[in-house]
Number of protein chains: 2
Amino acid sequence: MTEPLLIVDARLPDGTRVDVSIVNGRIDAIGPDLQVENDVAREHGHGALLLPGFVEGHTHLDKTMWGMRWYRNEVGPKLTDRIENERRFRAQSGHDAAAASLALARAFLQAGTTRLRTHVDIDTDAGLKHLEGVLKTRDALRDVLDMQTVAFPQSGMLKRQGTVTLLDKALRGGADVLGALDPALIDGDPVASLNATFDLATRHQKPIDIHLHEPAEIGAFTLKLLLDRVEALGMQGRVVISHAFCLGALAPRERDPLLERLALLDVALLTTAPASVPVPPLAACIEKGVTLFGGNDGIRDTWNPFGSPDMLERAMLIGMRYDLRRDDALAIAFDCVSHTAARGCGFADYGLHAGARADLVLVDAETLAHAVAARPVRKLVVANGRIVARDGVLAEGV
Amino acid sequence: MTEPLLIVDARLPDGTRVDVSIVNGRIDAIGPDLQVENDVAREHGHGALLLPGFVEGHTHLDKTMWGMRWYRNEVGPKLTDRIENERRFRAQSGHDAAAASLALARAFLQAGTTRLRTHVDIDTDAGLKHLEGVLKTRDALRDVLDMQTVAFPQSGMLKRQGTVTLLDKALRGGADVLGALDPALIDGDPVASLNATFDLATRHQKPIDIHLHEPAEIGAFTLKLLLDRVEALGMQGRVVISHAFCLGALAPRERDPLLERLALLDVALLTTAPASVPVPPLAACIEKGVTLFGGNDGIRDTWNPFGSPDMLERAMLIGMRYDLRRDDALAIAFDCVSHTAARGCGFADYGLHAGARADLVLVDAETLAHAVAARPVRKLVVANGRIVARDGVLAEGV
């Protein structure tokens, strides 16, 4: 239970000057000149731009080396090179998923992210060790960071005997979502892999978030098999397809029926907006009514040196990838790391309205587009009604 | 003439700890435990990573609204929409190229850029006004920032009568390089446009830097015409092709002979590494010996809300665009905004060696790759032997 708080004189993206009254971690009221009791703590916004807390739709907190010694990447170029390198590294390095995930989760909060979906490796070498570490972080930050964990078979679901059993344990042990990975190109058997995935998910009544890197025609093939199962099992609104590079490589004639089916079945797409591979078409997704939201993927790990806990930077990269230049288009890029991501992941009570969880960010920016392009220091971050960062620095005790 | 300076205990990218002795704006010596006279000013590097001053290979200082009110972009999607919108905006807004370019040039210095090539609009509406403004900035920062100006016909060379005369005046009046723009798709007459360009350049004995956005086959067609003229007129080593999207769209069979000819004629390529269009192939350029370097293009102007005077961020975007993940690959990304850019633009006396101009940056990073991924605050920036920024803040008087 947090103390009441009044934020005075903040500015909505449409220019309206408002106050925000926060009670019990919720927005109690938002509007001009709110009257509250005199003893309520006040923060003056000085007309700064008010944004909802940001949403990270796809990261891997357990893999990161954020805040640690620099990892010298000498890894080969194939997906399997990266998977095997990481397994080797972990076996040798004693990488601690609890400490790693906590450091990065705190950096996310500091930069204004208050909701986060993280995929956590489950494999037959590490068992549930990484999940246990990430769940410690979730518990440590429970009051401020709304975190979803995805039990993710990074080494494939079928390739290593015992993985399904581990995933089953993970879902019983606190994971919120079932992950999956390239049913054809990693597991080598798309039907069996998808059947195992949907069987597990329905048994546990958990949503699914699948990494689908499979390109063009093979990705489209797997995607159809997946959508058949969503339809047959009534999993509408419960499935996210991460990456979905295939949708960026197909001609509209093959692509558009898939998009229409995604919309119909309310299956959402996640993109990191990578600059070097095809990406799901943003404009066509909006036109067809497909939810497309954004995330980092791994941040500074054995896979990838890039990424940042600053979701405004991710919105900028989304803007660059889709050549969004107009202010109204950059508002869409921002939605990808806020409202649309909350919808895609199913985070409840999100937004800047009375009744929503009080997750707020204040920045010195004139407009949403300006915030995305300039990525200014976060003047104030409020998470679940509590001030967690000020002027880019975490509050004490977070 | 600057005072001598000794930087004590900096760290080269290969890990060697060195001192740097600076005399008369030049690196006098670089190596471990240098002995200099006692009264020489000292800066302690505390083992920070020592980098050469960064090089911005392609920007448009005259267009920027850096540090001004946010420009609300409501511009149409075509190249000509953007050109016409900008001309209209300038006619109405009283945009001041001197003030604009000075603000952004100082931000570049603050972030460690000590050499910079800027394209400056020359057109029949504005005449030489923008060039005059940018030359004021060049003069104001002459002691610290090594700036090349390109006389750039943003509205085409042939489309508006009088442009060639203006470019002629610009080259007589202080512009260092002749610019050009899409000879086929903007000027509508690739042969006449290129002939006019090469005629002007040879008459003034100036290098050429041409914006070539023309895609795929039409870009390749123009490129061949251009290379013919480089060869016929002996302009080897004096021509840069900016953007060159066409080279990212052609199959290797058509592309590779062009790359071989670019290498043979020592014609360099500039890329901003845009995420949304094809880019010249970095690996193939390196293999064929083609100089490919990096730049921002316009920064926060009526064209584009993005861009930053931080060349480490541009190196990061180059890394992302070309999927460079290994440390040795990120060193190449860094080269694109340092050594390779200096070579491409022809900046003299560049680098970390005795005799070079003393342009140095210190950052807290373990390796080059770390610096590119993390883009840390610049602890110290030395330009032409003078300290111009410290801890991310410009020194007084810069």
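Residues numbered from 1 in each chain as written. Chains lettered and ligands numbered in written order. Predicted model: local features only at pLDDT ≥ 70, side-chain atom pairs only at ≥ 80, totals over all residues. Heavy atoms only, no water.

Let us look at the overall build of chain A. Helix and strand content of chain A: 13 helices and 17 strands. When the backbone C-alpha atoms are referred to their principal axes, chain A occupies close to 65 × 50 × 40 Å. In chain A, once contacts between residues fewer than 6 apart in sequence are set aside, the share between residues at least 24 apart is 75%. Looking at charge distribution, chain A has the averaged site of its 44 positive side-chain charges lying 4 Å from that of its 53 negative ones. (Helix = DSSP H or I, 4+ residues; strand = E, 2+ residues; numbered from the N terminus. Contact = heavy atoms within 4.5 Å. Lys, Arg positive; Asp, Glu negative; His and termini not counted. Charge placed at Lys NZ, Arg CZ, Asp CG, Glu CD.)

Residue and element names in this part refer to chain A. Per the domain assignment, the segments making up chain A are domain 1 (5–52 + 351–391) and domain 2 (54–345). Look at where the C-alpha atoms of domain 1 and domain 2 centre, and you get two points 30 Å apart. Domain 1 puts 22 residues into the contact, and the matching count from domain 2 is 22 residues. The contact between domain 1 and domain 2 buries some 1,800 Å² in all, and 66% of this surface belongs to carbon and sulfur atoms. Looking only at domain 1, the three residues that lose the most surface to domain 2 are Val-372, Arg-375 and Arg-378, adding up to 31% of its buried area. Taken together, domain 1 and domain 2 are joined by three salt bridges. For the salt bridge of Arg-375 with Glu-313, the shortest nitrogen-to-oxygen distance reads 3.5 Å. One can count seven residue pairs in polar contact (both at pLDDT 80 or more) joining domain 1 with domain 2. The element contributing the most residues to the side of domain 1 that touches domain 2 is helix H13 (residues 368–374), with five residues. (Domains from an automatic or database assignment. Buried area = accessible area lost by both parts, 1.4 Å probe. Salt bridge = Lys/Arg side-chain N within 4 Å of Asp/Glu carboxyl O. Polar contact = N/O pair within 3.5 Å; in protein donor to acceptor, adjacent residues only side chain to side chain.)

Residues and elements named next belong to chain A. The eight strands lie next to each other as E6-E7-E8-E9-E10-E11-E12-E13, forming an open sheet whose pairing is parallel. Pairing within the sheet leaves two strands with one partner each, and these edge strands are strand E6 (54–59) and strand E13 (292–294). Between one strand axis and the next, the sheet turns by 25° as a mean value, whatever way the strands run. Sheet analysis places strand E10 (residues 208–212) next to strand E11 (residues 239–243), joined by five bridges and oriented parallel. (Pairing = 2+ DSSP bridges. Axes fitted to C-alpha atoms, helices over the stretch in contact; angles between N-to-C directions.)

Let us look at the interface of chain B and chain A. Taken together, the contacts link 37 residues of chain B with 37 residues of chain A. Carbon and sulfur atoms make up 53% of the surface buried where chain B meets chain A, a total of about 3,400 Å² over both sides. Considering only the side of chain B, the residues that lose the most area to chain A are Trp-70, Phe-306 and Arg-325 of chain B, jointly responsible for 23% of the buried surface there. In this structure, the connection of chain B to chain A is made through 20 residue pairs in polar contact (both at pLDDT 80 or more).

Those places that UniProt annotates as "domain: Amidohydrolase" (unreviewed entry) correspond, in this numbering, to residues 47–389 of chain A. This span, residues 47–389 of chain A, is 42% helix and 18% strand, and a straight line between its end C-alpha atoms measures 18 Å. (UniProt positions renumbered as here; feature names shortened; annotations may be inferred.)

Turning next to the nonpolar core. Core analysis: the largest hydrophobic core is formed by 190 residues, its most contacted members being Ile-241 and Leu-262 of chain A together with Ile-241 and Leu-262 of chain B. Not counting residues within four places of it along the chain, the set of residues in contact with Ile-241 of chain B comprises Ile-210, Leu-212, Leu-223, Leu-226, Leu-262, Val-267, Ala-268, Leu-269 and Leu-270 of chain B. The next biggest cluster of nonpolar side chains, apart from the first, holds 17 residues, and it includes Ile-7, Ala-48, Leu-352 and Val-382 of chain B. (Core = buried A, V, L, I, M, F, W, Y, C linked by side-chain atoms within 4.5 Å. Buried < 20%, exposed > 50% of the residue type's maximum accessible area, 1.4 Å probe, protein only.)

This part covers the sheet that holds strand E13 (residues 292–294) of chain B. All names here are of chain B. An order of E6-E7-E8-E9-E10-E11-E12-E13 is seen for the eight strands of this open sheet, with the pairing classed as parallel. At either margin of the open sheet sits one strand with a lone partner, and together these are strand E6 (54–59) and E13. Direction aside, neighbouring strands of the sheet carry axes that sit 25° apart on average. Along the sheet face, helix H10 (residues 311–321) touches E6, strand E7 (113–121) and E13 and points at about 70° away from the line of E6.

Once that is clear, we can look at helix H10 (residues 311–321) of chain A. Residue and element names in this part refer to chain A. For H10, a buried count of 11 out of 11 residues is recorded, marking the element as mostly surrounded by other parts of the structure. Looking only at H10, the buried set comprises Met-311, Leu-312, Glu-313, Arg-314, Ala-315, Met-316, Leu-317, Ile-318, Gly-319, Met-320 and Arg-321. Measuring from the side-chain oxygen of the N-cap residue of H10 to the backbone nitrogen of Leu-312 gives 2.9 Å; that N-cap residue is Asp-310. Two residues or fewer past H10, Asp-323 is found with a positive phi of approximately 50°.

The transform that puts chain B on chain A rotates by 180° and translates by 0.0 Å along the axis, for an RMSD of 0.0 Å. Overall, the copies show the geometry of a two-fold rotation axis. Among all residues of chain B, the one whose C-alpha sits closest to the rotation axis is Ala-275 of chain B, at a distance of 2.3 Å. (Least-squares fit on C-alpha atoms with pLDDT ≥ 70 in both.)

Turning to the side chain of Asp-209 of chain A, a few remarks are in order. Residues and elements named next belong to chain A. As for its placement among the helices and strands, Asp-209 is situated in strand E10. A distance of 3.5 Å separates the side chain of Asp-209 from the side chain of His-119, its partner in a polar contact. Other than its neighbours up to four places away in sequence, Asp-209 contacts Arg-117, His-119, Val-150, Val-177, Leu-178, Gly-179, Ala-180, Val-240 and Ser-242.

Attention shifts here to the packing of helix H2 (residues 97–110) of chain A against helix H3 (residues 129–140) of chain A. Residues and elements named next belong to chain A. For the pair H2 and H3, interaxial distance at closest approach is 7 Å and the crossing angle is 40°. Judged by the inter-axis angle, H2 sits oblique to H3. In the crossing of H2 with H3, the sense of the turn from one axis to the other is right-handed. Along its contact with H2, which presents Ala-97, Ala-98, Ser-101, Leu-102 and Ala-105, the element H3 presents His-130, Gly-133, Val-134, Lys-136, Thr-137 and Ala-140. Among the residues making up the contact of H2 with H3, the classes are represented as six nonpolar, four polar and one charged. (Parallel < 35°, antiparallel > 145°, perpendicular 65-115°, else oblique. Left-handed = near helix turned anticlockwise from the far one by under 90°. Nonpolar A, V, L, I, M, F, W, Y, C, P; charged D, E, K, R; others polar.)

On to the state of the cysteines. On inspection of all chains with the given rule, the structure shows zero disulfides over all chains. The thiol of Cys-345 of chain A is not disulfide-bonded; the next cysteine sulfur, from Cys-336 of chain A, is found 12 Å away. Considering cysteine sulfurs only, Cys-285 of chain B is the nearest to Cys-336 of chain B, which forms no disulfide, with 9.5 Å between them. Relative accessible area serves as the criterion here: at 3%, Cys-336 of chain B is assigned to the buried category. (Disulfide = S-S within 2.5 Å.)

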